[in-house]
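Listed here are the chains, written in short residue letters.
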Amino acid sequence: MYVLEIDALTKVYGRATAVQAVSFQVPAGSVFGLLGPNGSGKTTTMGMALGVLHATSGSVRWFSEPLSEATKRRIGAMLEAPNFYPYLSAYQNLERVAAIKRVAKSSIASALAETGLLARQHDRFQTFSLGMKQRLAIAATLLGNPEVLVLDEPTNGLDPQGIVEVRTLILDLAARGKTVIISSHLLDEIEKMCTHLVVLNKGQVCATGPVESFFGTAGRTLIRPRPETTTQQLRQVLGGLPWVTDLQDEGNGYTSLNMTSGYHPGDLNMALFAQGIVVSEITPVRRNLETQFFALINR
Ligand SMILES: Nc1ncnc2c1ncn2[C@@H]1O[C@H](COP(=O)(O)OP(=O)(O)OP(=O)(O)O)[C@@H](O)[C@H]1O
(Lines give C-alpha, C1' and ligand atoms only; values in the text may rest on other atoms or scores of the structure.)
Protein backbone atom coordinates (compact mmCIF):
# COMPACT_ATOMS: atom_id res chain seq x y z
CA MET A 1 0.00 0.00 0.00
CA TYR A 2 1.24 3.48 -0.82
CA VAL A 3 0.59 6.49 1.38
CA LEU A 4 1.65 8.87 -1.37
CA GLU A 5 1.64 8.50 -5.16
CA ILE A 6 3.12 11.28 -7.21
CA ASP A 7 2.61 11.12 -10.93
CA ALA A 8 4.27 13.34 -13.54
CA LEU A 9 4.31 16.31 -11.19
CA THR A 10 5.62 19.46 -12.83
CA LYS A 11 6.20 23.03 -11.62
CA VAL A 12 7.08 25.77 -14.06
CA TYR A 13 8.08 29.26 -12.87
CA GLY A 14 8.03 31.51 -15.92
CA ARG A 15 10.71 30.09 -18.18
CA ALA A 16 12.25 27.91 -15.48
CA THR A 17 11.05 24.37 -14.82
CA ALA A 18 11.71 23.67 -11.12
CA VAL A 19 10.19 20.18 -11.15
CA GLN A 20 9.74 18.16 -14.33
CA ALA A 21 7.45 15.14 -14.59
CA VAL A 22 8.44 13.74 -11.22
CA SER A 23 6.86 10.39 -10.32
CA PHE A 24 7.43 8.18 -7.29
CA GLN A 25 5.50 6.24 -4.67
CA VAL A 26 5.95 6.17 -0.91
CA PRO A 27 5.17 2.76 0.65
CA ALA A 28 3.27 2.74 3.97
CA GLY A 29 5.63 2.24 6.91
CA SER A 30 8.73 3.38 5.04
CA VAL A 31 11.19 6.09 5.94
CA PHE A 32 11.26 7.68 2.53
CA GLY A 33 14.03 10.08 1.55
CA LEU A 34 13.99 12.78 -1.11
CA LEU A 35 17.66 13.17 -1.88
CA GLY A 36 19.19 15.75 -4.13
CA PRO A 37 21.60 18.67 -4.25
CA ASN A 38 20.46 22.22 -3.46
CA GLY A 39 17.97 23.45 -6.01
CA SER A 40 17.09 19.96 -7.26
CA GLY A 41 13.39 20.49 -6.50
CA LYS A 42 12.88 18.71 -3.16
CA THR A 43 11.06 21.53 -1.38
CA THR A 44 8.99 22.35 -4.47
CA THR A 45 7.95 18.69 -4.79
CA MET A 46 7.01 18.50 -1.09
CA GLY A 47 5.12 21.80 -1.32
CA MET A 48 3.05 20.50 -4.26
CA ALA A 49 2.47 17.16 -2.54
CA LEU A 50 1.12 19.01 0.51
CA GLY A 51 -0.99 21.41 -1.53
CA VAL A 52 0.84 24.56 -0.37
CA LEU A 53 2.19 25.06 -3.90
CA HIS A 54 0.03 24.80 -6.97
CA ALA A 55 1.31 22.20 -9.45
CA THR A 56 1.56 23.21 -13.11
CA SER A 57 0.57 19.65 -14.05
CA GLY A 58 0.60 16.10 -12.73
CA SER A 59 -1.21 14.45 -9.87
CA VAL A 60 -0.81 13.75 -6.17
CA ARG A 61 -2.69 11.05 -4.31
CA TRP A 62 -2.53 10.49 -0.56
CA PHE A 63 -3.94 7.21 0.77
CA SER A 64 -5.24 6.58 -2.78
CA GLU A 65 -7.28 9.81 -2.72
CA PRO A 66 -6.75 13.36 -3.90
CA LEU A 67 -5.54 15.75 -1.19
CA SER A 68 -8.47 16.98 0.89
CA GLU A 69 -9.13 18.33 4.37
CA ALA A 70 -9.70 14.73 5.48
CA THR A 71 -6.41 13.44 4.04
CA LYS A 72 -4.53 16.49 5.38
CA ARG A 73 -5.52 15.50 8.92
CA ARG A 74 -3.63 12.24 8.40
CA ILE A 75 -0.40 14.08 7.54
CA GLY A 76 1.88 16.07 9.87
CA ALA A 77 4.24 18.36 7.98
CA MET A 78 7.21 20.59 8.72
CA LEU A 79 8.29 22.46 5.60
CA GLU A 80 10.20 25.14 7.45
CA ALA A 81 11.34 25.65 11.05
CA PRO A 82 8.32 26.71 13.10
CA ASN A 83 8.51 30.01 14.96
CA PHE A 84 8.33 29.00 18.58
CA TYR A 85 8.11 31.66 21.28
CA PRO A 86 11.37 31.70 23.27
CA TYR A 87 9.75 32.72 26.58
CA LEU A 88 6.99 30.14 26.45
CA SER A 89 7.42 26.57 27.61
CA ALA A 90 7.40 23.58 25.28
CA TYR A 91 3.86 22.79 26.42
CA GLN A 92 2.63 26.37 25.90
CA ASN A 93 4.19 26.49 22.44
CA LEU A 94 2.44 23.25 21.47
CA GLU A 95 -0.85 24.65 22.86
CA ARG A 96 -0.58 27.44 20.33
CA VAL A 97 0.20 25.06 17.48
CA ALA A 98 -2.72 22.82 18.53
CA ALA A 99 -5.06 25.83 18.42
CA ILE A 100 -3.89 26.76 14.90
CA LYS A 101 -4.20 23.18 13.69
CA ARG A 102 -7.54 22.83 15.51
CA VAL A 103 -6.54 19.59 17.19
CA ALA A 104 -7.45 18.61 20.75
CA LYS A 105 -5.04 19.67 23.50
CA SER A 106 -5.12 16.09 24.69
CA SER A 107 -2.66 15.13 21.94
CA ILE A 108 0.02 17.47 23.34
CA ALA A 109 1.11 15.10 26.11
CA SER A 110 1.59 12.17 23.75
CA ALA A 111 3.49 14.34 21.24
CA LEU A 112 5.81 15.44 24.06
CA ALA A 113 6.20 11.86 25.28
CA GLU A 114 6.94 10.53 21.79
CA THR A 115 9.67 13.10 21.31
CA GLY A 116 11.17 12.54 24.77
CA LEU A 117 10.33 16.05 25.98
CA LEU A 118 7.82 15.31 28.71
CA ALA A 119 10.32 15.95 31.53
CA ARG A 120 11.15 19.37 30.04
CA GLN A 121 7.64 20.36 28.98
CA HIS A 122 7.40 23.29 31.41
CA ASP A 123 10.83 24.71 30.59
CA ARG A 124 11.14 27.69 28.32
CA PHE A 125 11.92 27.01 24.66
CA GLN A 126 14.99 29.27 24.87
CA THR A 127 16.65 26.92 27.38
CA PHE A 128 16.51 24.00 24.90
CA SER A 129 19.46 22.54 23.00
CA LEU A 130 19.33 22.58 19.18
CA GLY A 131 18.34 18.91 19.15
CA MET A 132 15.51 19.54 21.66
CA LYS A 133 14.26 22.51 19.63
CA GLN A 134 14.06 20.32 16.56
CA ARG A 135 12.40 17.52 18.54
CA LEU A 136 9.78 20.06 19.62
CA ALA A 137 9.27 20.98 15.95
CA ILE A 138 8.68 17.29 15.24
CA ALA A 139 6.34 17.12 18.27
CA ALA A 140 4.30 19.88 16.60
CA THR A 141 3.89 17.69 13.50
CA LEU A 142 2.72 14.82 15.74
CA LEU A 143 -0.23 16.80 17.14
CA GLY A 144 -3.44 15.10 16.10
CA ASN A 145 -1.56 11.80 15.74
CA PRO A 146 -1.09 11.75 11.94
CA GLU A 147 -0.06 8.55 10.16
CA VAL A 148 2.52 10.25 7.97
CA LEU A 149 5.16 12.84 8.79
CA VAL A 150 6.72 15.06 6.13
CA LEU A 151 9.93 16.72 7.29
CA ASP A 152 11.98 19.04 5.10
CA GLU A 153 15.68 18.82 6.00
CA PRO A 154 15.03 17.68 9.60
CA THR A 155 18.71 17.59 10.59
CA ASN A 156 19.76 20.77 8.83
CA GLY A 157 21.68 23.22 11.01
CA LEU A 158 21.96 20.88 13.98
CA ASP A 159 25.13 20.07 15.90
CA PRO A 160 26.35 16.43 15.82
CA GLN A 161 24.52 15.62 19.06
CA GLY A 162 21.29 17.15 17.72
CA ILE A 163 21.64 15.16 14.49
CA VAL A 164 21.86 11.92 16.49
CA GLU A 165 18.84 12.92 18.63
CA VAL A 166 16.68 13.69 15.61
CA ARG A 167 17.82 10.64 13.68
CA THR A 168 17.05 8.38 16.66
CA LEU A 169 13.66 10.02 17.06
CA ILE A 170 12.76 9.51 13.39
CA LEU A 171 13.78 5.85 13.56
CA ASP A 172 11.71 5.45 16.76
CA LEU A 173 8.66 7.01 15.15
CA ALA A 174 9.05 4.72 12.15
CA ALA A 175 9.40 1.71 14.44
CA ARG A 176 6.11 2.74 16.03
CA GLY A 177 4.39 2.61 12.66
CA LYS A 178 4.59 6.14 11.25
CA THR A 179 5.54 6.63 7.64
CA VAL A 180 8.18 9.36 7.54
CA ILE A 181 9.06 11.34 4.41
CA ILE A 182 12.21 13.42 4.72
CA SER A 183 14.16 15.54 2.33
CA SER A 184 17.87 15.96 2.64
CA HIS A 185 20.97 16.82 0.68
CA LEU A 186 22.95 14.88 3.31
CA LEU A 187 23.66 11.46 1.84
CA ASP A 188 24.86 10.09 5.11
CA GLU A 189 21.58 10.95 6.83
CA ILE A 190 19.50 9.33 4.12
CA GLU A 191 21.69 6.23 4.26
CA LYS A 192 21.29 5.98 8.04
CA MET A 193 17.55 6.60 8.21
CA CYS A 194 15.76 5.69 5.01
CA THR A 195 14.32 2.44 3.74
CA HIS A 196 13.36 3.93 0.34
CA LEU A 197 14.42 6.96 -1.60
CA VAL A 198 14.05 9.05 -4.69
CA VAL A 199 17.07 10.85 -6.08
CA LEU A 200 16.27 14.20 -7.68
CA ASN A 201 18.57 16.26 -9.84
CA LYS A 202 17.68 19.41 -11.75
CA GLY A 203 14.00 18.84 -11.05
CA GLN A 204 13.95 15.30 -12.43
CA VAL A 205 13.98 11.82 -10.93
CA CYS A 206 17.33 10.05 -11.41
CA ALA A 207 16.32 6.88 -9.59
CA THR A 208 13.87 5.62 -6.99
CA GLY A 209 13.36 2.43 -4.99
CA PRO A 210 14.35 0.62 -1.81
CA VAL A 211 17.69 1.79 -0.41
CA GLU A 212 19.22 -1.70 -0.91
CA SER A 213 18.51 -1.49 -4.62
CA PHE A 214 20.96 1.39 -4.76
CA PHE A 215 23.70 -0.85 -3.44
CA GLY A 216 22.65 -4.49 -4.03
CA THR A 217 24.09 -5.72 -7.26
CA ALA A 218 25.64 -2.35 -8.02
CA GLY A 219 28.41 -3.15 -5.56
CA ARG A 220 30.82 -6.05 -5.50
CA THR A 221 30.21 -9.33 -3.77
CA LEU A 222 32.77 -11.00 -1.56
CA ILE A 223 32.73 -14.78 -1.43
CA ARG A 224 34.62 -17.39 0.61
CA PRO A 225 34.12 -21.12 -0.05
CA ARG A 226 34.72 -23.81 2.55
CA PRO A 227 38.47 -24.66 2.83
CA GLU A 228 38.15 -27.90 0.79
CA THR A 229 37.54 -25.81 -2.34
CA THR A 230 40.63 -24.22 -3.81
CA THR A 231 40.55 -20.70 -5.20
CA GLN A 232 41.29 -22.22 -8.59
CA GLN A 233 38.26 -24.54 -8.47
CA LEU A 234 36.09 -21.64 -7.40
CA ARG A 235 37.34 -19.43 -10.21
CA GLN A 236 36.75 -22.17 -12.74
CA VAL A 237 33.09 -22.53 -11.73
CA LEU A 238 32.51 -18.79 -11.41
CA GLY A 239 34.16 -18.27 -14.78
CA GLY A 240 31.44 -20.44 -16.31
CA LEU A 241 28.64 -18.20 -15.05
CA PRO A 242 27.88 -15.60 -17.72
CA TRP A 243 26.37 -13.19 -15.17
CA VAL A 244 29.52 -13.11 -13.04
CA THR A 245 32.29 -10.73 -14.09
CA ASP A 246 35.46 -9.13 -12.88
CA LEU A 247 36.74 -11.88 -10.58
CA GLN A 248 39.49 -10.87 -8.19
CA ASP A 249 41.44 -12.83 -5.63
CA GLU A 250 41.28 -10.86 -2.36
CA GLY A 251 43.55 -13.20 -0.35
CA ASN A 252 42.68 -15.22 2.78
CA GLY A 253 40.38 -17.43 0.72
CA TYR A 254 38.20 -14.51 -0.42
CA THR A 255 37.27 -13.79 -4.01
CA SER A 256 35.38 -10.68 -5.09
CA LEU A 257 33.17 -10.35 -8.18
CA ASN A 258 30.46 -8.35 -9.87
CA MET A 259 27.05 -9.72 -10.77
CA THR A 260 24.93 -8.53 -13.67
CA SER A 261 21.94 -6.49 -12.57
CA GLY A 262 19.07 -8.72 -11.47
CA TYR A 263 21.27 -11.39 -9.88
CA HIS A 264 21.58 -11.75 -6.12
CA PRO A 265 23.83 -13.58 -3.63
CA GLY A 266 21.20 -16.36 -3.44
CA ASP A 267 21.67 -17.07 -7.17
CA LEU A 268 25.39 -17.30 -6.62
CA ASN A 269 24.96 -19.68 -3.71
CA MET A 270 22.64 -21.96 -5.70
CA ALA A 271 24.85 -21.98 -8.78
CA LEU A 272 27.92 -22.90 -6.75
CA PHE A 273 26.11 -25.53 -4.72
CA ALA A 274 24.89 -27.14 -7.94
CA GLN A 275 28.57 -27.52 -8.88
CA GLY A 276 29.45 -29.08 -5.52
CA ILE A 277 30.90 -25.97 -3.93
CA VAL A 278 29.73 -25.07 -0.45
CA VAL A 279 30.15 -21.44 0.46
CA SER A 280 30.79 -20.33 4.03
CA GLU A 281 30.41 -16.63 3.35
CA ILE A 282 28.80 -14.36 0.74
CA THR A 283 28.86 -10.67 1.58
CA PRO A 284 27.55 -7.91 -0.67
CA VAL A 285 30.05 -5.07 -0.43
CA ARG A 286 27.75 -2.08 -0.30
CA ARG A 287 28.81 0.71 -2.53
CA ASN A 288 28.68 3.81 -0.41
CA LEU A 289 25.63 5.88 -1.25
CA GLU A 290 27.79 8.87 -1.94
CA THR A 291 29.62 7.13 -4.77
CA GLN A 292 26.32 5.84 -6.11
CA PHE A 293 24.66 9.25 -5.81
CA PHE A 294 27.35 11.05 -7.77
CA ALA A 295 27.34 8.28 -10.37
CA LEU A 296 23.58 8.80 -10.74
CA ILE A 297 23.50 12.57 -10.94
CA ASN A 298 26.45 12.72 -13.30
CA ARG A 299 24.96 10.18 -15.64
N1 LIG B 1 9.24 30.98 -6.39
C2 LIG B 1 10.15 30.59 -7.26
N3 LIG B 1 10.35 31.25 -8.41
C4 LIG B 1 11.26 30.86 -9.31
N5 LIG B 1 12.06 29.79 -9.17
C6 LIG B 1 11.92 29.07 -8.05
C7 LIG B 1 10.97 29.42 -7.03
N8 LIG B 1 11.07 28.51 -6.02
C9 LIG B 1 12.04 27.64 -6.39
N10 LIG B 1 12.55 27.96 -7.59
C11 LIG B 1 13.62 27.25 -8.32
O12 LIG B 1 13.22 25.90 -8.43
C13 LIG B 1 14.33 25.03 -8.30
C14 LIG B 1 14.06 24.00 -7.23
O15 LIG B 1 14.06 24.63 -5.94
P16 LIG B 1 13.76 23.85 -4.59
O17 LIG B 1 13.78 24.85 -3.49
O18 LIG B 1 12.56 23.02 -4.74
O19 LIG B 1 15.02 22.90 -4.47
P20 LIG B 1 15.54 22.09 -3.23
O21 LIG B 1 16.01 20.80 -3.78
O22 LIG B 1 14.53 22.07 -2.16
O23 LIG B 1 16.78 22.92 -2.80
P24 LIG B 1 17.30 23.34 -1.34
O25 LIG B 1 17.98 22.14 -0.81
O26 LIG B 1 18.25 24.46 -1.67
O27 LIG B 1 16.09 23.78 -0.57
C28 LIG B 1 15.54 25.90 -8.02
O29 LIG B 1 16.23 26.12 -9.21
C30 LIG B 1 14.92 27.19 -7.53
O31 LIG B 1 15.73 28.29 -7.85
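Residues numbered from 1 in each chain as written. Predicted model: local features only at pLDDT ≥ 70, side-chain atom pairs only at ≥ 80, totals over all residues.

Peer 1: Would you mind showing me how to read the sheet that holds strand β7 (residues 148–152) here?
Peer 2: Strand pairing in a sheet relies on backbone hydrogen bonds. The paired strands run either parallel or antiparallel. One open sheet accounts for six strands, arranged β6-β7-β8-β3-β9-β10; its pairing is mixed. Edge positions in the sheet fall to β6 (75–78) and β10 (204–210), since each of these pairs with one other strand and no more. Between one strand and the next, the sheet's axes are offset by a mean angle of 10°, whatever the strand orientation. Note that strand β3 (residues 31–35) and strand β8 (residues 179–184) share five bridges and pair parallel. (Pairing = 2+ DSSP bridges. Helix = DSSP H or I, 4+ residues; strand = E, 2+ residues; numbered from the N terminus. Axes fitted to C-alpha atoms, helices over the stretch in contact; angles between N-to-C directions.)

Peer 1: Explain the packing of helix α3 (residues 90–101) against helix α5 (residues 130–142) here, please?
Peer 2: How two helices sit against one another is set out by the angle between their axes and by the gap between those axes. At their nearest, the axes of α3 and α5 sit 10 Å apart, and the two run at 35° to each other. In the crossing of α3 with α5, the sense of the turn from one axis to the other is right-handed. Judged by residue contacts, A90, N93, L94 and V97 of α3 engage L136, A139 and A140 from α5. Counted by class, the contact of α3 with α5 contains six nonpolar, one polar and no charged residues. (Left-handed = near helix turned anticlockwise from the far one by under 90°. Contact = placed C-beta atoms within 7 Å. Nonpolar A, V, L, I, M, F, W, Y, C, P; charged D, E, K, R; others polar.)

Peer 1: Which parts of the structure should I look at to understand the nonpolar core?
Peer 2: Generally speaking, nonpolar side chains in soluble globular proteins are found buried as a group. In terms of nonpolar packing, the biggest core is built from 59 residues, with L94, A139 and I181 touching the most fellow members. Looking at which element gives the most residues to this core, the answer is α5, with seven residues. If near-sequence neighbours (up to four positions away) are discounted, L94 is found in contact with I108, A111, L112, A139, A140 and L143. Membership of the second largest hydrophobic core comes to six residues, among which are I223, V244, L257 and L268. (Core = buried A, V, L, I, M, F, W, Y, C linked by C-beta atoms within 7 Å. Buried ≥ 20, exposed ≤ 12 C-beta atoms within 10 Å, placed from the backbone.)

Peer 1: Explain unusual backbone geometry to me, please; I cannot follow it from the model alone.
Peer 2: Excluding glycine, residues mostly have negative phi values, and the peptide bonds linking residues are mostly trans. Positioned with a positive phi, A8 is a non-glycine residue whose angle comes to about 50°. Secondary-structure assignment places A8 in strand β1 (residues 2–13). In this model, F63 sits at a positive phi of 50°, which is unusual for a non-glycine residue. With respect to the element layout, F63 can be found in the loop between β4 (57–62) and β5 (65–66). Judged by the 18 C-beta atoms lying within 10 Å of it, F63 falls in the partly exposed class.

Peer 1: Would you mind going over the sheet that holds strand β12 (residues 244–251) with me for this structure?
Peer 2: Strand order across the open sheet formed by four strands is β12-β13-β11-β14, with antiparallel pairing between neighbours. Only two strands of the sheet have a single partner each, and these edge strands are β12 and β14 (279–285). For this sheet the average axis-to-axis angle between neighbouring strands, irrespective of direction, equals 25°. Of the strand pairs in this sheet, strand β11 (residues 220–225) and β14 are connected by six bridges, and their pairing is antiparallel. Residue pairing across strands places P225 opposite V279, the latter belonging to β14. Contacting β11, β12 and β13 (254–259), helix α8 (residues 231–239) crosses the sheet at an angle of about 170° to β12. Along the sheet, helix α9 (residues 265–274) makes contact with β11, β13 and β14, crossing β14 at roughly 155°.

Peer 1: Would you take a moment to explain α5 for this structure?
Peer 2: Each full turn of the α-helix corresponds to 3.6 residues, which orients residues three or four apart in the same direction. Taking 1.5 Å per residue, 13 residues should reach 18 Å; α5 reaches 19 Å between its end C-alpha atoms and fits that length. Turning to α5, its buried residues number three or more, namely G131, M132, Q134, R135, L136, A137, I138, A139, A140, T141 and L142. Looking at the packing, one finds that the buried side of α5 touches β6, α3, α4 (106–114), β7 and α6 (160–175). Directly beyond the C-terminal end of α5, a positive phi value near 85° is found at G144. (Expected span 1.5 Å × (residues − 1).)

Peer 1: Just checking my understanding: could you explain the pairing of β4 for this structure?
Peer 2: The side chains of a regular strand alternate between both faces of the sheet. Across five bridges, β1 lies against β4 in antiparallel orientation. Counted as the bridge partner of L4 is W62 from β4. As defined by bridge partners, β4 adjoins β5 across two bridges and the pair is classed as antiparallel. The residue bridging R61 from the neighbouring strand is P66, located in β5.

Peer 1: For this particular structure, what's the right way to read the domain arrangement of the chain?
Peer 2: A common way to express how large an interface is: the accessible area buried when the components associate. Domain boundaries in the chain define domain 1 (2–214) and domain 2 (217–297). Distance from the C-alpha centre of domain 1 to the C-alpha centre of domain 2: 39 Å. (Domains from an automatic or database assignment.)

Peer 1: Got a minute to help me understand the environment of L171 in this structure?
Peer 2: Topologically, L171 is positioned in helix α6. In this structure the C-alpha to C-alpha distance between L171 and V31, which are 140 residues apart in sequence, comes to 8.1 Å.

Peer 1: Can you walk me through the site of the ligand in this structure?
Peer 2: In the vicinity of the ligand, the residues found are Y13, A16, A18, G36, N38, G39, S40, G41, K42, T43, T44 and H185. Within the residue set of the shell around the ligand, elements represented by two or more residues are β2 (16–27) and α1 (42–49). Sort the elements by how many residues they give to the shell around the ligand and α1 lands first, with three residues. For the shell around the ligand, the per-class residue count stands at three nonpolar, eight polar and one charged. (Near = placed C-beta within 6 Å.)

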